[in-house]
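What follows is each chain in one-letter form.
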Amino acid sequence: LLLGAIAQQTSRLESAVTYYKTILQLQPNHFEAHSNLAVALQNWGDWQGAENHFKRALELNPTHSPTLFNLGNLRSQQSDLPGAIAYYQQAIALNPSYARAHNNLGNTFRAQGDLRQAAVHFRRAIELEPTNHATYNNLGNVLQEQGEFAAAVSLYQQALAHQPDNAEFYFNQGN
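Residues numbered from 1 in each chain as written. Predicted model: local features only at pLDDT ≥ 70, side-chain atom pairs only at ≥ 80, totals over all residues. Heavy atoms only, no water.

### Details of the packing of helix 8 (residues 115-128) against helix 9 (residues 133-145)
Taken N-terminus to C-terminus, the directions of helix 8 and helix 9 make an angle of 155°; their axes are 9 Å apart at the nearest point. Relative to helix 9, the element helix 8 lies roughly antiparallel. Classified by chirality, the crossing of helix 9 by helix 8 is left-handed. Residues L115, A118, A119, F122, R123, A125 and I126 of helix 8 pack against T135, Y136, N138, L139, V142, L143 and E145 of helix 9. Residues that form the contact of helix 8 with helix 9 fall into these classes: 10 nonpolar, two polar and two charged. (Axes fitted to C-alpha atoms, helices over the stretch in contact; angles between N-to-C directions. Helix = DSSP H or I, 4+ residues; strand = E, 2+ residues; numbered from the N terminus. Parallel < 35°, antiparallel > 145°, perpendicular 65-115°, else oblique. Left-handed = near helix turned anticlockwise from the far one by under 90°. Contact = heavy atoms within 4.5 Å. Nonpolar A, V, L, I, M, F, W, Y, C, P; charged D, E, K, R; others polar.)

### With respect to the packing of helix 9 against helix 10 (residues 149-162)
Helix 10 packs onto helix 9 with a crossing angle of 165° between their chain directions and a minimal axis gap of 8 Å. In terms of axis orientation, helix 9 runs roughly antiparallel to helix 10. In the crossing of helix 9 with helix 10, the sense of the turn from one axis to the other is left-handed. Residues H133, Y136, N137, L139, G140, N141, L143 and Q144 of helix 9 form the contact with helix 10, whose participating residues are F149, A151, A152, L155, Y156, Q158, A159 and H162. Split by residue class, the contact of helix 9 with helix 10 holds nine nonpolar, seven polar and no charged.

### Comments concerning the environment of A111
Its place among the elements puts A111 in helix 7 (residues 99-112). For A111, a relative accessible area of 54% gives the class exposed. For the pair A111 and S79, spaced 32 residues apart in sequence, the C-alpha to C-alpha distance is 9.6 Å. (Buried < 20%, exposed > 50% of the residue type's maximum accessible area, 1.4 Å probe, protein only.)

See below:
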């Protein structure tokens, strides 16, 4: 498992997949191997394989909110926004303080054009994780799209306070 994780973190996805599959040959119900293999397969572009292993991991641990979050990310990658929303909402139902799930749910609502719901989830993500610069930027983008320019500028400034060398934040603030 550790060799797979190291291979995955060093972008040697083929090796990571091999390590995780070896574990599953020995222990077919190994939750972490299914979960990690799913992420490796997703990064490798094997979305169907990733989905199969995420779902198997979920069968083994149905209340694991990070697996639901990862399924949301997979659905989002596949442009299945309603599916992504459903998985993010399930992850949040299990763990209401899951800031990353709120952020990604906000991004998905924004992609669907529901700026009001996007703002709700970005604000919640900021409450839960006030040092996440990307969420300030995301909320700023939504407010900018709604014509709330002063509030958007303030959020971009907060994002820059956390990451002062981020050109995207300056670009957004300039706009």
